[in-house]
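# Residue-level structural notes
What follows is each chain in one-letter form.
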Amino acid sequence: MIVARVPRSYYRTLSLVSTSFRCMVVSPELYTVRSLLGLTETCLYVCLRFGFTCYKWYTLSSKSSDGGGYVLTRVLTLDDNSPRMMGLCYSDLVAVGSDIYNIGVADKNKTMPTSGVSILDCKTHRWRKSPRMPVELTELSARVLDRKIYVLGRRFHHLDGSWKSSFEVFNTNTQTWDLPSCGGFDSARINFLIDGKLHVVTLFDGVFAFDSKQCRWDLVEQYPSTGTMCSGSFCEVDNVLYSVSKDGALTWYDSDNTSWRDLNGLVGLPKLPSPLDGYGSYVKLTGYGGGKMMVFWNCNLGIHRPFQRDTIYCAEIALERRNGDCWGKLEWFDSMLLVPLETQFVKVLAVTL
């Protein structure tokens, strides 16, 4: 009952007390008590790739020193069955409640396409298998809306030499897959959420929105200004889409005027690296509950020198709608972790625990 009232960001320090404390902070009983007391909170999980095949998980934890602040600490899974991820476009990671879904996990002795799905339980840090996708995909991206995972992907058909799109929906409550219509477009490049609806940017056909009640796709934008955002560097907070411009500025999408606008405020936030700066420069965004956004970035500009290190930074930004505009207030920013230069962000996810 006492430990259940301690914020989860301090569990790393508690686990150093003794073996019994280490077991307690990952026990199902502790999370049952936290849930009964209404003490659930949002925790950040960061997946980093070292080299080509080494993936490691980190979580945002409080520093053990009296100086306060946060640091990224390593998450050690309790089994040896951590699934391989296929990398950019070939798989995706999404969070639903306290679970992280690895959509498109690679099977043993197989590269692609893939239909495998695995789940990381962030309470126990154990992996388990989930029902496979109905259709194997070569490329895919996934988004979560109302505890359903929407997967849009493509697969190359060697018989006619063409790409075919597939749209698959996974209900996490019933653990079942569905195959709605894909809308007739075969050039989808990126999907995201605007105003609580799934949107898809296509290469030639414009932007489509999925009506989950009518199970249909509607054309909402013929010439997609939304297609200019940087893939992987966007998130939705309170039905507003945020991204990073090519100049490294935080922006938000004004759906009424179908245009991108700079996020006002942000006094004290360092200049973010531009997504166009080169291989290795990344900015990752995620919603953090309560109208906040977490921003992660590093400054590796693709200059690889032996034994040099890169630094991962994090900033917490409080968001506010004011007179039809969006404002951001910097709560804090700090360096989180020293990593080798070749380290790449895979995903930053907000998990409810």
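Residues numbered from 1 in each chain as written. Predicted model: local features only at pLDDT ≥ 70, side-chain atom pairs only at ≥ 80, totals over all residues. Heavy atoms only, no water.

Identification of the chain as FKB95-like N-terminal Kelch domain-containing protein from Brassica campestris is taken from an unreviewed UniProt entry.

Let us now look at the overall build of the chain. Within the chain, the secondary structure is distributed over three helices and 25 strands. The proportion of buried residues among the 353 residues of the chain is 50%. The long-range fraction of contacts in the chain, counting pairs at least 24 apart against all pairs at least 6 apart in sequence, stands at 50%. (Helix = DSSP H or I, 4+ residues; strand = E, 2+ residues; numbered from the N terminus. Buried < 20%, exposed > 50% of the residue type's maximum accessible area, 1.4 Å probe, protein only. Contact = heavy atoms within 4.5 Å.)

Turning to the layout of surface pockets, a few remarks are in order. Here the second largest pocket is characterised by a volume of approximately 720 Å³. If you trace the second largest pocket, you find 31 residues lining it, with Tyr11, Arg12, Ser15, Arg74 and His125 closest to the centre. Those elements that place two or more of their residues in the lining of the second largest pocket are α1 (11-14), α2 (19-24), β1 (42-50), β2 (54-62) and β3 (70-75). If you tally residues by element for the lining of the second largest pocket, the top one is β3, at four residues. For the lining of the second largest pocket, the residue count by class is 16 nonpolar, nine polar and six charged. Counting residues domain by domain, the lining of the second largest pocket receives three or more from each of domain 1 (1-39) and domain 2 (47-76 + 232-352). (1 Å grid on protein atoms, 1.4 Å probe; cavity = no way out; pocket = protein on both sides within 12 Å on 5 of 7 lines; lining within 4 Å. Points joined across faces, edges and corners; volume = space filled by probe spheres on them. Nonpolar A, V, L, I, M, F, W, Y, C, P; charged D, E, K, R; others polar. Domains from an automatic or database assignment.)

So, about the environment of tryptophan 297. Its location among the elements puts tryptophan 297 in strand β22 (residues 292-298). The spatial distance from the C-alpha of tryptophan 297 to the C-alpha of alanine 315 is 8.9 Å, given a sequence separation of 18 residues.

Let us now look at the sheet that holds strand β16 (residues 234-237). Strands sit in the order β16-β17-β18-β19 across an open sheet of four strands; the sheet is antiparallel. Of all strands in the sheet, those with a lone pairing partner are β16 and β19 (259-262), marking the two edges. Going across the sheet, the axis of each strand differs from the next one's by a mean of 35 degrees, ignoring polarity. Here four bridges tie strand β18 (residues 250-254) to β19, and the two strands are oriented antiparallel to one another. Note that in β19 the partner of threonine 251 across the bridge is aspartate 262. (Pairing = 2+ DSSP bridges. Axes fitted to C-alpha atoms, helices over the stretch in contact; angles between N-to-C directions.)

The subject of this paragraph is the pattern of salt bridges. Summed over the entire model, instances satisfying the criterion amount to 11 salt bridges. One salt bridge connects glutamate 139 with arginine 154, and the closest N-O pair in it is separated by 3.2 Å. One end of the pair, glutamate 139, is in strand β8 (residues 139-145); the other, arginine 154, is in strand β9 (residues 148-157), with 15 residues separating them in the sequence. For arginine 216, the salt bridge goes to aspartate 218, with nearest N and O atoms at 3.3 Å. According to the relative accessible area criterion, arginine 216 is partly exposed, its value standing at 43%. For aspartate 218, a relative accessible area of 26% translates into the label partly exposed. (Salt bridge = Lys/Arg side-chain N within 4 Å of Asp/Glu carboxyl O.)

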